[in-house]
Amino acid sequence: MGLGEWSGRLCWTALLLAVAALDASGGQAASSDTSFAIIDRVPRVLVLYPYDERIAATTAAGEALRSRLLEATNGKIDLFSEFLDLSRFPEGGHVPRMARYLGEKYAARRPDVVVALGKESASFVTANRSMIAPGAKIVAAGFGTATAEKIDLPDDVVGAFATFDILKTAEMARSLQPDARHLYIVGGSSDFDRGWLTTARAALREFSKSYETTYLEDLTIDEFVERASRVPSDSIILALTVFTDRAGRNFIPRDAIRQIAATASAPVYGPYQTYIDYGVVGGNTVTFEALGRTVGDLVIDAIAGKTVSDIEAPQTYLADARQLQRWGLAEKDLPPGTVQMHRERSVWQEHWVVLVAGSGLVLAQATIISVLLLERRRRRDAERSSRLHLLEAVHLNQSATAGALSSSIAHELNQPLSAIRNNAEAASVLLRSESPDHELIQQILLDIQEDDQRAGDIISRMRGLLKKRSEIDWQEFDLNDVTSSAIHIIHGEAERRGITLTSNQLPGELPVRADKVHVQQVILNLATNAMDAMLEAVPAGRTLTFATGLANEKVELRVSDTGDGIPAERLIRIFEPFYTTKQAGTGLGLSIARAIVETYGGTICADNRPEGGAVFRMILPLAHAEERSR
Ligand code: ADP
């Protein structure tokens, strides 16, 4: 395997891709002559991974290769993968055993192309090609050109060479830390690690002269961590690989580097893409994706029978923006063309136009929302205060009505009370007689009860008029009922004034939803106005008529009189507050009536009857109108 042979700028994760055009006997062919023909089946490509599936470097390259091949062939390709697991099974017997196994496994499906990712895979397949893939083109990978020579690859191997350049990584560090005075190079104890250290010593010979240089090697992982944690802050730490530490502990290198970088007192750099997420600032590297794609292109050309030859996979400077921030390193000091990973450009930088527009929008929206909220609040406050005002006004109006009607009510109350007194006296006289007429007394007592009931009814009707309320008492009630109740209240007064009351109510219920006392107040207002309007009329013709009706899901109450009517020019004005033509009038009755009716979604209007007199119409929504219409 020649794992210990290292020279130049090579390391294990560097992927060499060589396309070899071999003849069926396994002999060598010129690299310029790579054409071969696959007849009547899809090509078979075997990808060899040197280690296990956890080694991100090779698996990332393998994945990029796989997707490139699938994409280029439209899926018409048979791809096989084998993990040689060479680092975990270094014992001598493993390689020939693996070779025999693969030879047998692929006996019936010989690959047309073998892609060997990593130097070890390349060595393995070139040594065992006749057993595993006789006649196959071999695409091997894992090193730079110098190593390709060292491991003595056959001439027919064409490589997509990947150079992992520790010097370029060091130069990146110098550019970011121009004031650094110390240089530390970290390497493990495995053959591979030691090979890397040797390579680095040669590559950094000149570079390290500007620094106080220390090679951190032959250490346990704890010692690496401890040493790195107390290097001077003006240090550059270059991490190669730690596959194994001095104590013989095995690592996936990036995990070892992560431990070291986590508590290091100076920035750590490394030439691998896989180190990026493990606490390393960055380095010069071939990205595994770029390498995989380069290899894929070579394989495709080879399968297509095109001439293929060695190529270099593109190198890139990579940096982790989070680490730049951690160490206070300036973005402007990065080598030109550096790819920054995890660079969260401030949202502002990224989308300032959208943000400006967005913020404007949000601001505008917020303003509108605030204004609307304020407006709603104002409206609510206004509604609340106007409701309170209305309630207040209604109460005053009720009190005024009660006051105006008080004499007729007192008169009305007087009747049952006198009847009670008279009946009570009659009963007591009867009781004092020698043989009281029990039946008569019984009848008298029944009369007393009835009169008491009448008096109680009058008082309870008045109670609503006098009660002050702070909230609307919503309820469903029959407009016919309230009309009858209002008629009862005013009938004494009407009688006193010589007015005939007539009622023409629609049979059945007329349900409305409102505050019953308020609606009653409207009726009383209309009735008292009507009675006032008939003062001048001849007593014989004084008639006040109440009529209820139903039309278009609305209930209607008409209050008509036989007065002088309302001059046309006043018809609109009479609902205005303080408009009155009466000497002792307030001009508030009708405006309060309209406010009440509108509160419950209704309307009120006035008109003149053709036969003389005025008619007022109060219209209210029928309760459950929606349900009824369904
Ligand atoms: P007030 O009764 O204190 O005057 P209203 O708002 O109740 O206040 O009435 C306003 C005016 O409308 C009355 O002064 C009167 O001129 C007129 N009016 C109201 N009802 C009638 C009616 N039935 N017939 C004629 N005019 C009326």
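Note that the structure is predicted; figures quoted are calculated from it, not measured.

**So, the site of the ligand**
Near the ligand lie 19 residues; those nearest to it are Asn 529, Thr 580, Thr 581, Lys 582 and Leu 590. Contacts to the ligand include Asn 529, whose side-chain N or O atom sits 2.9 Å from an oxygen atom. One of the backbone nitrogen or oxygen atoms of Thr 586 is found 2.9 Å away from an oxygen atom of the ligand. For the ligand, the accessible surface in isolation is 530 Å², of which the surrounding protein chains cover 92%. Comparing atom positions with the cavity grids shows the ligand to sit within the largest pocket. Mapped onto the shell around the ligand, the elements with two or more residues apiece are α15 (516–533), α16 (589–599) and β20 (614–621). In terms of residue count, the dominant contributor to the shell around the ligand is α15 (3 residues). Within the shell around the ligand, the residues separate by chemical class into 9 nonpolar, 8 polar and 2 charged.

**Focus on the nonpolar core**
The biggest cluster of nonpolar side chains holds 81 residues, and the ones touching the most others in it are Val 45, Val 115, Leu 204, Ile 237, Leu 238 and Val 299. Ranked by residue count, the leading element in this core is helix α9 (residues 288–303), at 8 residues. Setting aside chain neighbours within four positions, we find Val 299 in contact with Val 45, Leu 65, Leu 69, Val 113, Val 115 and Val 139. Ranked by size, the runner-up nonpolar core spans 56 residues in total, among them Met 462, Phe 477, Ile 592 and Ile 604.

**A word on the environment of Arg 194**
Checked against the element boundaries, Arg 194 lands in helix α6 (residues 191–203). Exposure remark for Arg 194: the relative accessible area of 36% places this residue in the partly exposed category. Residues Arg 194 and Asp 218, spaced 24 residues apart in sequence, show a C-alpha to C-alpha distance of 9.3 Å. Leave out the neighbours within four places in its chain, and Arg 194 touches Gly 188, Ser 189 and Asp 218.

**A word on the sheet that holds strand β15 (residues 500–504)**
Pairing between sheet strands relies on hydrogen bonds along the backbone, with the strands arranged either parallel or antiparallel. One open sheet holds the 5 strands; their spatial order is β15-β17-β18-β20-β19, and the pairing between them is mixed. Each end of this open sheet is capped by a strand with a single partner; those strands are β15 and β19 (603–608). Sheet twist, expressed as the mean angle between neighbouring strand axes with direction ignored, is 15 degrees. Taken together, the 7 bridges between strand β17 (residues 543–551) and strand β18 (residues 554–560) define a ladder with antiparallel strand orientation. Residue pairing across strands places Thr 545 opposite Ser 560, the latter belonging to β18.

**Examining the packing of helix α1 (residues 56–72) against α9**
Their axes nearest at 7 Å, the elements α1 and α9 cross at an angle of 40 degrees. The pairing of α1 with α9 is recorded here as oblique in orientation. Here α1 runs over α9; the crossing is right-handed. Where α1 abuts α9, its residues Ala 57, Ala 60, Ala 61, Ala 64, Leu 65, Arg 68, Leu 69 and Ala 72 lie against Phe 288, Glu 289, Gly 292, Arg 293, Val 295, Gly 296, Asp 297, Val 299 and Ile 300. Residues belonging to the contact of α1 with α9 are distributed by class as follows: 11 nonpolar, 2 polar and 4 charged.

**Observations regarding the side chain of Asp 193**
Considering the arrangement of structural elements, one finds Asp 193 in helix α6. Among buried Asp, Glu, Lys and Arg side chains, Asp 193 stands out as unpaired, with Arg 194 the closest opposite charge at 7.5 Å. In terms of polar contacts, Asp 193 uses its side chain to reach the side chain of Ser 190, at 2.9 Å. Here Phe 243 takes part through its backbone nitrogen, which lies 2.8 Å from a polar atom of the side chain of Asp 193. Apart from the residues within four sequence positions on either side, Asp 193 is in contact with Gly 187, Gly 188, Thr 241, Val 242, Phe 243 and Thr 244.

**Re the pairing of strand β1 (residues 44–49)**
In terms of residue burial, β1 counts as a mostly covered element, since 6 of its 6 residues are buried. A two-sided burial pattern is seen for β1, the buried positions comprising Arg 44, Leu 46 and Leu 48 on one face and Val 45, Val 47 and Tyr 49 on the other. Two strands pair when backbone bridges link them, and β1 and strand β2 (residues 78–83) are joined in this way by 6 bridges, in the parallel orientation. Each residue of the ladder has a partner; that of Val 45, found in β2, is Leu 79.

**A look at the pairing of strand β6 (residues 182–186)**
Counting buried residues along β6, 5 of its 5 residues qualify, which places the element largely inside the surrounding structure. The two faces of β6 match: His 182, Tyr 184 and Val 186 on one face and Leu 183 and Ile 185 on the other face are all buried. Handedness of the crossover joining β6 and strand β7 (residues 212–216) through α6: right-handed. Taken together, the 5 bridges between β6 and strand β8 (residues 235–239) define a ladder with parallel strand orientation. Within β8, the residue paired with Leu 183 across the bridge is Ile 236.

Cut-off values and rules
- Residues numbered from 1 in each chain as written.
- Predicted model: local features only at pLDDT ≥ 70, side-chain atom pairs only at ≥ 80, totals over all residues.
- Heavy atoms only, no water.
- Near = heavy atom within 4 Å.
- Polar contact = N/O pair within 3.5 Å; in protein donor to acceptor, adjacent residues only side chain to side chain.
- Areas by Shrake-Rupley, 256 points an atom, 1.4 Å probe, with all protein chains shown as cover.
- 1 Å grid on protein atoms, 1.4 Å probe; cavity = no way out; pocket = protein on both sides within 12 Å on 5 of 7 lines; lining within 4 Å.
- Sits in = over half its atoms within 2 Å of the grid points.
- Helix = DSSP H or I, 4+ residues; strand = E, 2+ residues; numbered from the N terminus.
- Nonpolar A, V, L, I, M, F, W, Y, C, P; charged D, E, K, R; others polar.
- Core = buried A, V, L, I, M, F, W, Y, C linked by side-chain atoms within 4.5 Å.
- Buried < 20%, exposed > 50% of the residue type's maximum accessible area, 1.4 Å probe, protein only.
- Contact = heavy atoms within 4.5 Å.
- Pairing = 2+ DSSP bridges.
- Axes fitted to C-alpha atoms, helices over the stretch in contact; angles between N-to-C directions.
- Parallel < 35°, antiparallel > 145°, perpendicular 65-115°, else oblique.
- Left-handed = near helix turned anticlockwise from the far one by under 90°.
- Lys, Arg positive; Asp, Glu negative; His and termini not counted.
- Salt bridge = Lys/Arg side-chain N within 4 Å of Asp/Glu carboxyl O.
- Right-handed = clockwise from strand over helix to strand, strands pointing away.

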